[in-house]
Amino acid sequence: RDLLGIQKEMNRLYSDTLTGRESVPASRSETWVPPVDIYESAEAFTIAVEIPGVKKEDIQLELKDESLTVRGERKPERDVREGVHRIERVYGPFQRSFNLPSNLSTSAVKATFRDGVLEIVLPKAEEAKPRQINITA
């Protein structure tokens, strides 16, 4: 190795030590878990799944019994074998499953995908929604 090559390698190792990260091979592909937010209102539960870089056609939703499963795959955007300095984003399949309460109207579930966020709205069944009770004299 030449002196410049050794210096570059030392800089990389030093940088990785300071950031707590390691350089990852260009072929990095593993199962990963996207982060989610779950909200509840009087009308519905909403699950927001953060999956940037995933195409809509690479996402599957499955509602079975009292469970919702979101699965898909983030594919590399380009061939990354040459000129790679660092790869930290994870590519490959992902999956998240959620146990659901029994008081949902599963036939009215809606899903939208915008700006890398999959939003799933699970409406509550009418009997599970809060209602006003009139008081008589």
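One structure accompanies this document, and this report is about it. Because the structure is predicted, anything quoted here is derived from the model rather than measured. (Residues numbered from 1 in each chain as written. Predicted model: local features only at pLDDT ≥ 70, side-chain atom pairs only at ≥ 80, totals over all residues. Heavy atoms only, no water.)

Taken as a whole and judged by the stated rule, the model has three salt bridges. With its nearest N and O atoms 3.4 Å apart, the salt bridge here joins Asp58 to Lys75. Of the two residues, Asp58 sits in the loop between strand 2 (44-50) and strand 3 (59-64) while Lys75 sits in the loop between strand 4 (67-74) and strand 5 (92-99), which places them 17 residues apart along the sequence. For the salt bridge of Glu62 with Arg71, the shortest nitrogen-to-oxygen distance reads 3.2 Å. Among the residues examined, Glu62 registers a relative accessible area of 34% and is labelled partly exposed. The exposure class assigned to Arg71 is partly exposed, which follows from its relative accessible area of 29%. (Salt bridge = Lys/Arg side-chain N within 4 Å of Asp/Glu carboxyl O. Helix = DSSP H or I, 4+ residues; strand = E, 2+ residues; numbered from the N terminus. Buried < 20%, exposed > 50% of the residue type's maximum accessible area, 1.4 Å probe, protein only.)

Turning to the environment of Ile120, a few remarks are in order. Assignment of secondary structure puts Ile120 in strand 7 (residues 117-123). Spatially, the C-alpha atom of Ile120 lies 5.1 Å from that of Ile47, the residues being 73 residues apart in sequence. When sequence neighbours within four positions are dropped, the list of residues in contact with Ile120 reads Phe45, Thr46, Ile47, Leu61, Leu68, Val70, Val109, Lys110 and Ala111. (Contact = heavy atoms within 4.5 Å.)

Time to look at the nonpolar core. In a soluble, globular protein the nonpolar side chains are often hidden away together inside. Counting residues in each nonpolar core, the largest one holds 17 residues, and the members touching the most others are Ile47, Ile51, Leu68, Val70, Leu118, Ile120 and Leu122. For this core, the secondary structure elements donating two or more residues are strand 2, strand 4, strand 5 and strand 7. (Core = buried A, V, L, I, M, F, W, Y, C linked by side-chain atoms within 4.5 Å.)

Just distances and angles here, no functional claims.
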